[in-house]
Amino acid sequence: MFVSEVFVQNYRNYIKEKVSFENKTNFLVGKNAQGKTNLMEAIYLCSVGRSARTPRDRELINFDSDRAYVKVFVKKRFSADRVEMTLDKSANKRVAVNGLPITRIGELMGVVTTVFFSPDEMKIVKDGPSDRRRFMDISLCQMSKAYFYLLSSYNKTLSQRNKLLKNGATDDVLDVWDMQLVGLGSKIIKTRRGFVQRLGEKAAHNHSYLTDGGESLKLGYESESGETVEEIALSFKEHLLKDREKDKLMGYTRSGPHKDDIAFFVGDTDIRAFGSQGQQRTAALAVKLAEIDLIAGEKEEYPVLLLDDVLSELDLDRQIRLLNKIKDYQTIITCTHIDDNLTKAIGNYAKFMVENGKVTRG
Ligand SMILES: Nc1ncnc2c1ncn2[C@@H]1O[C@H](COP(=O)(O)OP(=O)(O)OP(=O)(O)O)[C@@H](O)[C@H]1O
Ligand SMILES: [Mg+2]
């Protein structure tokens, strides 16, 4: 799929602007603080329902306005879709897909599929486990609405169990909640384990390409043991039971998929803790590129790749390798300047200049 048009009104530093993108590499070029990331954020917002930079929708509305509006058009192999979002300072946001209002954000999943990569995302290797889980969950939610609803149910059940723990619930009440938590949680673990397995294979391949065969990357999903949902459920259930007294003391559930992690190894080194910055960055990039292939395989359609400020973090050789790898699908890239050697190497691209909330074709 590709984003053919974005329209923003009173969004961040944009008053009213329409941009038509092409189904290839698109550069958004401009000085700092002109609105490059803001435009990308608007696309991401219509993809997963929230900004990657803030959980507070109000911040997205232009300072001098009470309401922002964003519209994104995508073209797919056999169809075209339109997502509209209205953000109001004093009301919840409203979302419509092809003109029809949606009430559950789950319905938005998969309409505009994106893979977002920024210097912040480059930290997924070294950040805490919760960032790696978030990465995994956003990716899986975009591939499957069923996963989105599964995860929402799990989170609701978990918060209910935690509330009961704090309020001194009895064992027979907890037994009932544990059964629910195990049922939902073991399905999540099974899905994530399969995801990390497939992601790992593709990431290893990309990593070898990016490092010119110099290093080998290995991913692993750290969770309950077991291959089948039943085996995982058994392990999870035992864990909950074993931890129950501690859980009661802390008023918090210590085991389950909300504590899981993805392990990153280069050779025998756990690069989450011991990798160099370059190693962590390259591994993160390899994983993001793998995510694109996975989504493409699942949805039979390439997602849109959003690269915010990523080029400046790579040397020219890796920039060229990266852009050659992604030239077959739509990419939107923000940068402050483009190296002539880079444009020569990739050939086919579209360039847009961004200045003070205005976008012109360069
Ligand atoms: N709600 C808002 N209303 C008006 N302006 C805003 C709002 N939120 C952010 N801005 C402004 O938008 C401007 C552009 O931000 P953006 O993050 O898109 O810059 P950028 O072009 O990506 O710059 P950089 O190269 O530094 O990343 C900033 O000056 C910021 O103050
Ligand atoms: Mg920016």
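About the criteria used
Residues numbered from 1 in each chain as written. Chains lettered and ligands numbered in written order. Predicted model: local features only at pLDDT ≥ 70, side-chain atom pairs only at ≥ 80, totals over all residues. Heavy atoms only, no water. Helix = DSSP H or I, 4+ residues; strand = E, 2+ residues; numbered from the N terminus. Rg over C-alpha atoms; globule rule 2.2 N^0.38 Å. Buried < 20%, exposed > 50% of the residue type's maximum accessible area, 1.4 Å probe, protein only. Contact = heavy atoms within 4.5 Å. Areas by Shrake-Rupley, 256 points an atom, 1.4 Å probe, with all protein chains shown as cover. Lys, Arg positive; Asp, Glu negative; His and termini not counted. Charge placed at Lys NZ, Arg CZ, Asp CG, Glu CD. Pairing = 2+ DSSP bridges. Axes fitted to C-alpha atoms, helices over the stretch in contact; angles between N-to-C directions. Near = heavy atom within 4 Å. Polar contact = N/O pair within 3.5 Å; in protein donor to acceptor, adjacent residues only side chain to side chain. Nonpolar A, V, L, I, M, F, W, Y, C, P; charged D, E, K, R; others polar. Patch = residues over 30% accessible without salt bridge, like charges linked within 9 Å, V, L, I, M, F, W, Y side chains within 5 Å. Salt bridge = Lys/Arg side-chain N within 4 Å of Asp/Glu carboxyl O. Domains from an automatic or database assignment. Buried area = accessible area lost by both parts, 1.4 Å probe.

Draft legend 1. The arrangement of the overall build of the chain in detail. When helices and strands are tallied, the chain shows 9 helices and 15 strands. A globule of 362 residues ought to have a C-alpha radius of gyration of about 21 Å, and the chain, at 22 Å, matches this closely. Its C-alpha atoms give the chain principal-axis dimensions of about 65 × 55 × 35 Å. Relative to its full complement of 362 residues, the chain shows a buried share of 53%. Taking contacts inside the chain between residues at least 6 apart in sequence as the whole, the part at least 24 apart equals 70%. Carbon and sulfur atoms make up 49% of the accessible area of the chain, which amounts to about 16800 Å² in all. Taking the average location of the 56 positive side-chain charges in the chain and that of its 51 negative ones, the two points are 4 Å from each other.

Draft legend 2. The pairing of strand 9 (residues 217–222), seen in detail. Alternating residues of strand 9 divide into L217, L219 and Y221, all buried, and K218, G220 and E222, none buried. As judged from the 6 bridges shared by strand 9 and strand 10 (residues 261–266), these two strands associate in the antiparallel manner. What sits directly across from G220, in strand 10, is A263.

Draft legend 3. Summary view of the sheet that holds strand 10. Read from one edge of the open sheet, 3 strands run 9-10-11, paired in antiparallel fashion. Edge positions in the open sheet fall to strand 9 and strand 11 (269–270), since each of these has one partner strand only. Of the pairings in the sheet, the one linking strand 10 to strand 11 comprises 2 bridges and is antiparallel in character. Opposite F265, over in strand 11, you have D270 as the bridge partner. Along the sheet face, helix 2 (residues 129–143) touches strand 9 and strand 10 and points at about 100° away from the line of strand 10.

Draft legend 4. Geometry of the site of ligand 1. The environment of ligand 1 is made up of 16 residues, and the closest members are N32, A33, K36, T37 and I61. N32 places a polar side-chain atom, nitrogen or oxygen, 2.9 Å from an oxygen atom of ligand 1. Within the side chain of R53, a nitrogen or oxygen atom sits 3.0 Å from an oxygen atom of ligand 1. In the complex, the protein chains occlude 76% of the 660 Å² of accessible area that ligand 1 would expose alone. Classifying every residue of the shell around ligand 1 by side-chain character gives 3 nonpolar, 7 polar and 6 charged.

Draft legend 5. Local environment of unusual backbone geometry. Even without being glycine, A33 reaches a positive phi, approximately 60°. The residue A33 is located in the loop between strand 3 (25–29) and helix 1 (36–48) in this model. Phi angles above zero are rare outside glycine, and E300 is one such case at about 55°. Residue position: E300 is located in the loop between helix 7 (277–299) and strand 12 (304–308).

Draft legend 6. Here's a closer look at a nonpolar patch on the surface. Where nonpolar side chains cluster on the molecular surface, the patch consists of L249, M250 and Y252 and spans about 350 Å² of accessible area. For L249, the location among the structural elements is in helix 5 (residues 229–250). The exposure class assigned to L249 is exposed, which follows from its relative accessible area of 78%.

Draft legend 7. Quick look at the side chain of T253. One can find T253 in the loop between helix 5 and strand 10. Here R161 takes part through its side chain, which lies 2.9 Å from a polar atom of the side chain of T253. One polar contact links T253 to N162, side chain to side chain, over a distance of 2.6 Å. Those residues within four positions of T253 in sequence are excluded, and the remaining contacts are L158, R161, N162, L165, L181, L240, D247 and H258.

Draft legend 8. Molecular detail of the sheet that holds strand 12. Taken in spatial order, the 6 strands of this open sheet run 8-12-13-3-14-15, and their pairing is mixed. Each end of this open sheet is capped by a strand with a single partner; those strands are strand 8 (114–117) and strand 15 (358–361). Ignoring which end each strand starts from, the neighbouring axes of this sheet average 20° apart. As paired elements, strand 3 and strand 13 (residues 331–335) share 5 bridges and run parallel to each other. Looking at strand 13, one finds that N26 is bridged to I332.

Draft legend 9. Just the domain arrangement of the chain, in detail. Under the domain assignment, the chain is made up of domain 1 (1–113 + 301–362) and domain 2 (127–299). The C-alpha-based centres of domain 1 and domain 2 are spaced at 28 Å. At the interface, 25 residues of domain 1 touch 21 residues of domain 2. Between domain 1 and domain 2, a total of about 2200 Å² is buried, with carbon and sulfur atoms accounting for 61% of that surface. As a salt-bridge pair, D212 and R321 come within 3.2 Å of each other at their nearest N and O atoms. Applying the counting criterion to the domain 1 and domain 2 interface returns 8 residue pairs in polar contact (both at pLDDT 80 or more). Sort the elements by how many residues they give to the side of domain 1 that touches domain 2 and helix 8 (residues 316–325) lands first, with 5 residues. Of the residues assigned to the side of domain 1 that touches domain 2, the class counts are 12 nonpolar, 5 polar and 8 charged.

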